[in-house]
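Each chain, written out:
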Amino acid sequence: QVQLVESGGGLVQSGGSLRLSCAASGRTLSNYIMGWFRQAPGKEREFVAAISRFGSSQYYADSVKGRFTISRDNAKNTGYLQMNSLKPEDTAVYYCAAGLSDRAVRVQNNYNDWGQGTQVTVSS
């Protein structure tokens, strides 16, 4: 099991940027696919982005493509989500997740370990 802790959330104006971090411990992060999901009030948790074990492949939801960038630094056991051109509809709790399979990176059940989440609020 890998423990995940997100940080970097906060309040930002529309059009602004934030960078989320996901620090992993307990296991070597390079063994895992990393994903980011988010859950807005009253909505189901949804896929945002995912990255392969060594960063060669990235996957994005259509709603964030071109604005968000997922990356990872396995030497630091940390993953990142750079969020630019933020919109009010990006307001949500953002979760990072780690999974062993790369067969269904957009699916929540693909991931075994989850962080506690970090709040991102975008004001208009």
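Every chain begins its residue count from 1, and numbering advances along the sequence as written. Predicted model: local features are reported for residues with pLDDT of at least 70 only, side-chain atom pairs are reported and counted for 80 or more only, and whole-chain, interface and lining totals are derived from all residues. Each side-chain value is derived from all of the structure's non-hydrogen atoms; neither hydrogens nor water enter the calculation.

One finds Trp-36, Val-48, Phe-68, Leu-81, Met-83 and Tyr-94 to be the most contacted residues of the largest nonpolar core, which totals 36 residues. Helix numbers and strand numbers start at the N terminus; a helix is a DSSP run of H or I with at least 4 residues, a strand a run of E with at least 2. Mapped onto this core, the elements with two or more residues apiece are strand S3 (18-25), strand S4 (33-39), strand S5 (46-51), strand S7 (68-73), strand S8 (78-83), strand S9 (92-99) and strand S11 (118-123). With sequence-adjacent residues up to four places away left out, Leu-81 is seen in contact with Leu-18, Arg-19, Leu-20, Trp-36, Val-48, Ala-49, Phe-68, Thr-69, Ile-70 and Tyr-94. Residues enter a nonpolar core if they are buried and are Ala, Val, Leu, Ile, Met, Phe, Trp, Tyr or Cys, with the set joined through side-chain atoms within 4.5 Å. We call a residue buried when its accessible area falls under 20% of the maximum for its residue type, exposed when it is over 50%, and partly exposed in between, using a 1.4 Å probe and counting protein chains only. Only heavy atoms matter for contacts: two residues are in contact if any of them lie within 4.5 Å across the pair.

Here we take up the sheet that holds S7. Read across the open sheet, the 4 strands follow the order S1-S3-S8-S7; overall the sheet is antiparallel. Lying at the two open borders of the sheet, with one neighbouring strand each, are strand S1 (3-7) and S7. Put simply, the sheet's adjacent strands are angled 15 degrees from each other on average, direction ignored. By definition, two strands form a pair when at least two bridges between them are found by DSSP. Two elements, S7 and S8, share 6 bridges in a ladder whose sense is antiparallel. In the sheet register, Thr-69 faces S8, and the bridge partner there is Gln-82. Lines fitted to C-alpha atoms define the axes, with helix axes restricted to the stretch in contact, and inter-axis angles between N-to-C directions lie between 0 and 180 degrees.

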